[in-house]
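So the chains spell out like this:
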Amino acid sequence: MTKIADLIMVSLDSPDPRAHAEFYHRVLGWEITASADEYAMISDGHTSIGFGLVEGYQPPAWPDTSGGKRYHLDFYVDDLDKAEASCVQAGAARPDFQPGGDRWRVLTDPAGQPFCVCLRPQD
């Protein structure tokens, strides 16, 4: 199969683009390349995550079987406990419902969107 495109950016709705970018900057270590009230962006030099202001933003519930998620990011980590603690210190929250057992943890970012820290596979 011949690829059609390369992913350059994911754009996310946000109630506070600057704060959203700052949170993921702390989680991923990516550079904040834009920071304004209406829009912010982080990048690793190849791929970017943008955060666009949405007035009246309402995060999804977790878990919520009656509604759809807007997005869900997964991140590999070497230590679930350390990653969770660092994300919580950066502003994440840990919902009670945790379906991943000892393989992953569901957290919510400061805007209420769920994301997972997943144990990196060992070769």
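Coordinates for the structure precede this section.
Criteria and thresholds
- Residues numbered from 1 in each chain as written.
- Predicted model: local features only at pLDDT ≥ 70, side-chain atom pairs only at ≥ 80, totals over all residues.
- Heavy atoms only, no water.
- Helix = DSSP H or I, 4+ residues; strand = E, 2+ residues; numbered from the N terminus.
- Rg over C-alpha atoms; globule rule 2.2 N^0.38 Å.
- Buried < 20%, exposed > 50% of the residue type's maximum accessible area, 1.4 Å probe, protein only.
- Contact = heavy atoms within 4.5 Å.
- Areas by Shrake-Rupley, 256 points an atom, 1.4 Å probe, with all protein chains shown as cover.
- Lys, Arg positive; Asp, Glu negative; His and termini not counted.
- Charge placed at Lys NZ, Arg CZ, Asp CG, Glu CD.
- Pairing = 2+ DSSP bridges.
- Axes fitted to C-alpha atoms, helices over the stretch in contact; angles between N-to-C directions.
- Salt bridge = Lys/Arg side-chain N within 4 Å of Asp/Glu carboxyl O.
- Arc of directions from axis to C-beta.
- Polar contact = N/O pair within 3.5 Å; in protein donor to acceptor, adjacent residues only side chain to side chain.

K.L.:
I'm lost on the overall build of the protein chain in this one. Help?
P.N.:
Counting its regular elements, the protein chain contains two helices and seven strands. Counting helices and strands in the order they occur from the N terminus, the protein chain gives β-α-β-β-β-β-α-β-β. Against the globule reference of 14 Å for 123 residues, the protein chain gives a C-alpha radius of gyration of 15 Å, in line with a compact fold. Dimensions of the protein chain, computed from C-alpha atoms along their principal axes, come out at roughly 40 × 35 × 30 Å. Looking at the 123 residues of the protein chain, the share that counts as buried comes to 37%. When contacts within the protein chain are restricted to residue pairs at least 6 apart in sequence, those whose partners lie at least 24 apart make up 52%. Total accessible area computed for the protein chain in this model is approximately 7,600 Å², and 50% of it derives from carbon and sulfur atoms. Put simply, the protein chain has 10 plus and 19 minus side-chain charges, and the middle of one group is 5 Å from the middle of the other.

K.L.:
Explanation requested: unusual backbone geometry in the structure shown.
P.N.:
For the peptide bond that leads from Trp62 to Pro63, omega is -10°, which places it in the cis range. Relative to the elements of secondary structure, Pro63 occurs in the loop between β4 (48-53) and β5 (73-77).

K.L.:
Can you help me understand the sheet that holds strand β1 (residues 9-14) in this one?
P.N.:
Where strands meet in a sheet, backbone hydrogen bonds hold them as pairs that are either parallel or antiparallel. Spatial ordering of the open sheet is given by β1-β4-β3-β2, a layout of four strands whose pairing is mixed. Edge strands, defined here as strands with exactly one partner in the open sheet, are β1 and β2 (31-35). Averaged over all pairs of adjacent strands, the angle between their axes in this sheet comes to 20°, without regard to strand direction. Note: β2 against strand β3 (residues 39-43), four bridges, orientation antiparallel. For Glu31, the partnering residue across the bridge sits in β3 and is Ser43. Contacting β1, β2, β3 and β4, helix α1 (residues 17-28) crosses the sheet at an angle of about 10° to β3.

K.L.:
What's the story with the pattern of salt bridges in this structure? I'm lost.
P.N.:
Between side chains of opposite charge, a pair can form as their charged atoms come close. Considering all chains together, one arrives at five salt bridges under this definition. Connected via shared salt-bridge partners are Asp81, Glu84, Arg94 and Arg105.

K.L.:
Sorry, what's going on with the sheet that holds strand β7 (residues 114-119) here?
P.N.:
Strands sit in the order β5-β7-β6 across an open sheet of three strands; the sheet is mixed. A single partner strand is all that each edge strand has here, and the edge strands are β5 and β6 (104-108). Across the sheet, the mean angle separating the axes of adjacent strands is 25° when strand polarity is ignored. Sheet analysis places β6 next to β7, joined by five bridges and oriented antiparallel. Counterpart to Trp104 in the pairing with β7 is Cys118.

K.L.:
What's the story with helix α2 (residues 80-90) in this structure? I'm lost.
P.N.:
Owing to its 3.6 residues per turn, the α-helix brings residues three or four apart onto one side. Buried residues of α2: Leu80, Ala83, Glu84, Cys87 and Ala90, and no others. Take α2 and look down its axis: the buried residues cluster within an arc of 125°, on one side only. Exposed side of α2, more than 90 degrees from the buried face: Asp81, Lys82 and Gln89 are the residues found there. Lining the buried residues of α2 we find α1, β5, β6 and β7. Looking at where α2 begins, the residue whose side-chain oxygen comes 3.0 Å from the main-chain nitrogen of Asp81 is Asp79.

The analysis is restricted to geometry; functional conclusions fall outside its scope.
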